[in-house]
Amino acid sequence: MDKFNLIIIGGGPAGYNAAERAAHEGMKVLVAEEKALGGVCLNEGCIPTKTLLYSAKVFDSAKHASDYGVSVSGASIDHDFVITRKNKVVTALVTGIKMSMKKAGVTVVNATARITGKTSDGFTVKVGETEYTGEKLLICSGSEAVVPPISGLREAYETGFVVTNREILDMRAVPEHLVVIGGGVIGLEMASYFNSIGARVTVVEMLPKIAGSADDEISKILQKNYEKRGVKFMLSAKVIAVGDRYVQIEADGSNEKVMCDRVLVSVGRRARTNGIGLESVGVLTERGEIVTDETCKTSVAGIWAAGDVNGKSMLAHTAYREGETAVNNMLGKKDRVDYRAIPSVIYTNPEVASVGETLESANASGIEAAAESFTLKYSGRYIAENAKGDGIVKIVIGKKHRNILGVHMIGSYASEIIYGAAAMVANEERVEDVRKIVFPHPTVGEVIREAMFMM
Ligand code: NAI
């Protein structure tokens, strides 16, 4: 039986990154991946959506070029071309990961893995038809889209009328009217793309706001931007049934039948823990998620878990960090994930990015905090590039130490600026510390420094 120092179940961002790190540290590593390396992020998530959204951004720029003295006539977008380009981008990146696995000496087995037990040599894992032994295990089996128990939804999913983030990325025809169930990250990114390319889009959200965990003020600005572009929102609303070319929606006590020709269901994801044999070794789960601590250890010595499967943050960048944290701890190098400072981004146009506490979450945790918003118009670069922008940055500080607890932004470059704010939160920098950092000028990010003199 083939023996490895480490067997990794799942070759997504948590798994492939951990594999590379572990191999570089001299471990003999096997990665079991049933689909394609890169996982959901690369194959049906982060990267394909960003490819689509970039095409939409170029198209939107062409439509609004006259705001900047540029005349563009006859701009159009070829959705079929966009999908083909997306496939090329994904293939190139998956090939890149395959090559780096090979270079690092990682064994990749393209089959489904299942833990079967433990012997004196280590844990036994069946990958396809072959059994392997791993002294240590890292479980990175990811997550899957939730298909909620709405009448008719499952059947409509089988016929293709309802799609998830996976199928929508391969849909060659542009729907005339797309209904999106769930105004969270996936719903908003897809609504943005399909609105830009000419579809009518209605977003049905159960909560009274979109982008659930986002700061309230930012969520409203985002909603206003979408509404100006023609996206319709039904908030505090529930889809109660899906039928032939319609969804039945309940909102404000009334019932409405909305006709549409495609439905995207994006109401969250759940950890994938079924069928991987966790019970054979007694790994503890709660609500279907593997229980881990900040070192990514599970309840069983020698088994770690990283990425969406622990249900903690469900973001690819958290997965990278968890994977490497697990490997460091396996090697005896103490490491822990700082969950307070994980940035999140919604790649809409304008972009939304945030890190740390909102005023509401800080108050709820009993931290005395203060928050202030600043218009991005303090930035000359922002004004030069945004004829009609209404972006803001909101800073949340602790009242006692004046340390940065959270930064929330909506506007251009937000996704690229936020990691600087993550460093401020992680390092517990104070307002006075940030004032001493020199930011490049003119940039949109320098509004954060400017804000420090007004707090
Ligand atoms: P989500 O949790 O972001 O949003 C789901 C939304 O659906 C919530 O606002 C919720 O209130 C609403 N909802 C739930 N049940 C509903 C119902 N029956 N009717 C109407 N609304 C309902 O989940 P989403 O968008 O599916 O994304 C899944 C995961 O993927 C998230 O954890 C997200 O962080 C991650 N992701 C991250 C991206 C990024 O970093 N840019 C991009 C895409 C996904």
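Presented here is a report on the structure given in the accompanying data block.

Reading the values: rules and limits
- Residues numbered from 1 in each chain as written.
- Predicted model: local features only at pLDDT ≥ 70, side-chain atom pairs only at ≥ 80, totals over all residues.
- Heavy atoms only, no water.
- Helix = DSSP H or I, 4+ residues; strand = E, 2+ residues; numbered from the N terminus.
- Rg over C-alpha atoms; globule rule 2.2 N^0.38 Å.
- Buried < 20%, exposed > 50% of the residue type's maximum accessible area, 1.4 Å probe, protein only.
- Contact = heavy atoms within 4.5 Å.
- Areas by Shrake-Rupley, 256 points an atom, 1.4 Å probe, with all protein chains shown as cover.
- Lys, Arg positive; Asp, Glu negative; His and termini not counted.
- Charge placed at Lys NZ, Arg CZ, Asp CG, Glu CD.
- Pairing = 2+ DSSP bridges.
- Axes fitted to C-alpha atoms, helices over the stretch in contact; angles between N-to-C directions.
- Salt bridge = Lys/Arg side-chain N within 4 Å of Asp/Glu carboxyl O.
- Left-handed = near helix turned anticlockwise from the far one by under 90°.
- Nonpolar A, V, L, I, M, F, W, Y, C, P; charged D, E, K, R; others polar.
- Near = heavy atom within 4 Å.
- Polar contact = N/O pair within 3.5 Å; in protein donor to acceptor, adjacent residues only side chain to side chain.
- Core = buried A, V, L, I, M, F, W, Y, C linked by side-chain atoms within 4.5 Å.

**Looking at the overall build of the chain**
Part 1: The number of helices and strands found in the chain is 15 helices and 24 strands.
Part 2: Here the C-alpha atoms of the chain give a radius of gyration of 23 Å, agreeing with the 23 Å that 2.2 N^0.38 yields for 455 residues.
Part 3: The C-alpha extent of the chain, read off along each of the three principal axes, is 70 × 60 × 45 Å.
Part 4: Per-residue burial over the chain gives 51% buried out of 455 residues.
Part 5: Considering only residue pairs separated by 6 or more positions, the chain has 63% of its internal contacts joining residues 24 or more positions apart.
Part 6: Total accessible area computed for the chain in this model is approximately 20,800 Å², and 52% of it derives from carbon and sulfur atoms.
Part 7: Put simply, the chain has 53 plus and 55 minus side-chain charges, and the middle of one group is 2 Å from the middle of the other.

**Brief notes about the sheet that holds strand 22 (residues 369-375)**
Part 1: Strand order in the open sheet formed by five strands is 20-21-24-23-22, and the pairing between neighbours is antiparallel. For this open sheet the edge positions go to strand 20 (344-346) and strand 22, each flanked by a neighbour on one side alone. Averaged over all pairs of adjacent strands, the angle between their axes in this sheet comes to 10°, without regard to strand direction.
Part 2: Of the strands in this sheet, strand 20, strand 21 (352-356) and strand 24 (404-410) are in contact with helix 13 (residues 414-426), which crosses strand 21 at around 5°.

**Some words on the pattern of salt bridges**
Part 1: Applying the stated criterion across every chain yields a total of 26 salt bridges.
Part 2: A salt bridge links Glu 289 to Arg 287; its shortest N-O distance comes to 3.4 Å.
Part 3: When its relative accessible area of 71% is taken as the criterion, Arg 287 is described as exposed.
Part 4: In this structure, a network of salt bridges that share partners links the residues Arg 21, Arg 321, Glu 324 and Asp 335.

**Description of unusual backbone geometry**
Part 1: A cis amide bond, omega 10°, links Asn 349 with the succeeding residue Pro 350.
Part 2: Cis geometry is adopted by the peptide bond preceding Pro 442, which originates at His 441 and carries an omega value of -5°.
Part 3: With respect to the helices and strands, Pro 442 occurs in the loop between helix 14 (431-435) and helix 15 (446-452).
Part 4: A positive phi angle, near 65°, is found at Arg 245, a position not held by glycine.

**Structural notes on the environment of Ala 32**
Part 1: Inspection of the secondary structure puts Ala 32 in strand 2 (residues 29-32).
Part 2: Once the C-alpha coordinates of Ala 32 and Ile 392 are considered, the two residues, 360 residues apart in sequence, prove to be 44 Å apart.
Part 3: Once you skip the residues sitting within four places of it in the chain, Ala 32 turns out to touch Ile 8, Ile 9, Gly 10, Gly 11, Val 109, Ala 111, Ala 113 and Val 127.

**A word on the side chain of Ser 196**
Part 1: For Ser 196, the location among the structural elements is in helix 7 (residues 185-196).
Part 2: Filtering out sequence-adjacent residues up to four positions away, Ser 196 remains in contact with Ala 56, Phe 59, Asp 60, Lys 63 and Arg 229.

**Brief notes about the packing of helix 1 (residues 13-24) against helix 10 (residues 316-330)**
Helix packing for two helices is described by the angle between their axes and how far apart those axes are.
Part 1: In contact at an axis separation of 8 Å, helix 1 and helix 10 are set at 35° when each is read in the N-to-C sense. The handedness of the crossing between helix 1 and helix 10 comes out as right-handed. Between helix 1 and helix 10, the contacting residues are Pro 13, Ala 14, Tyr 16, Asn 17, Ala 18, Arg 21 and Ala 22 on the first element and Ala 316, Ala 319, Tyr 320, Gly 323, Glu 324 and Val 327 on the second.
Part 2: Among the residues making up the contact of helix 1 with helix 10, the classes are represented as nine nonpolar, two polar and two charged.

**Remarks on the site of the ligand**
Part 1: The local shell around the ligand holds 19 residues, among which Ile 186, Glu 189, Glu 205, Gly 268 and Val 345 are the closest.
Part 2: A distance of 3.0 Å is found between a nitrogen atom of the ligand and a side-chain nitrogen or oxygen belonging to Glu 189.
Part 3: In the complex, the protein chains occlude 79% of the 850 Å² of accessible area that the ligand would expose alone.
Part 4: The leading source of residues in the shell around the ligand is helix 7, at four residues.
Part 5: Here the residues of the shell around the ligand sort into eleven nonpolar, five polar and three charged.

**Section: the sheet that holds strand 12 (residues 237-243)**
Strand-to-strand pairing in sheets goes through backbone hydrogen bonds, with the strands running parallel or antiparallel.
Part 1: Reading across the sheet, the three strands line up as 12-13-14 and stay open at both edges, with antiparallel pairing between neighbours. A strand with exactly one partner marks an edge of an open sheet, and here the two such strands are strand 12 and strand 14 (254-259). Strand-to-strand twist in this sheet, taken as the mean axis angle between neighbours without regard to direction, amounts to 25°.
Part 2: Two elements, strand 12 and strand 13 (residues 246-251), share six bridges in a ladder whose sense is antiparallel. Residue pairing in the sheet places Ala 241 in a bridge with Gln 248 of strand 13.

**Thoughts on the nonpolar core**
Part 1: Judged by nonpolar contacts, the single largest core of 34 residues is most densely connected at Ile 168, Leu 188, Tyr 193, Phe 194 and Val 201.
Part 2: Elements supplying a minimum of two residues to this core: helix 3 (46-63), helix 4 (79-104), strand 9 (177-181), helix 7, strand 10 (200-204) and helix 8 (216-228).
Part 3: In terms of residue count, helix 7 provides more of this core than any other element does, five residues in total.

**Overview of the pairing of strand 5 (residues 122-127)**
Part 1: The buried fraction of strand 5 amounts to five of the six residues, a majority that puts the element mostly inside the structure.
Part 2: In terms of strand pairing, strand 4 (residues 113-119) meets strand 5 through six bridges, oriented antiparallel. By the bridge assignment for strand 5, Gly 117 is matched with Thr 124.
Part 3: Once strand 4 ends, the chain turns through two residues before running back antiparallel as strand 5.
Part 4: In terms of strand pairing, strand 5 meets strand 6 (residues 130-139) through five bridges, oriented antiparallel. The residue of strand 6 that forms the bridge with Lys 126 is Glu 131.
Part 5: What sits between the antiparallel neighbours strand 5 and strand 6 is a turn of two residues, in which Gly 128 has the positive phi angle 65°.

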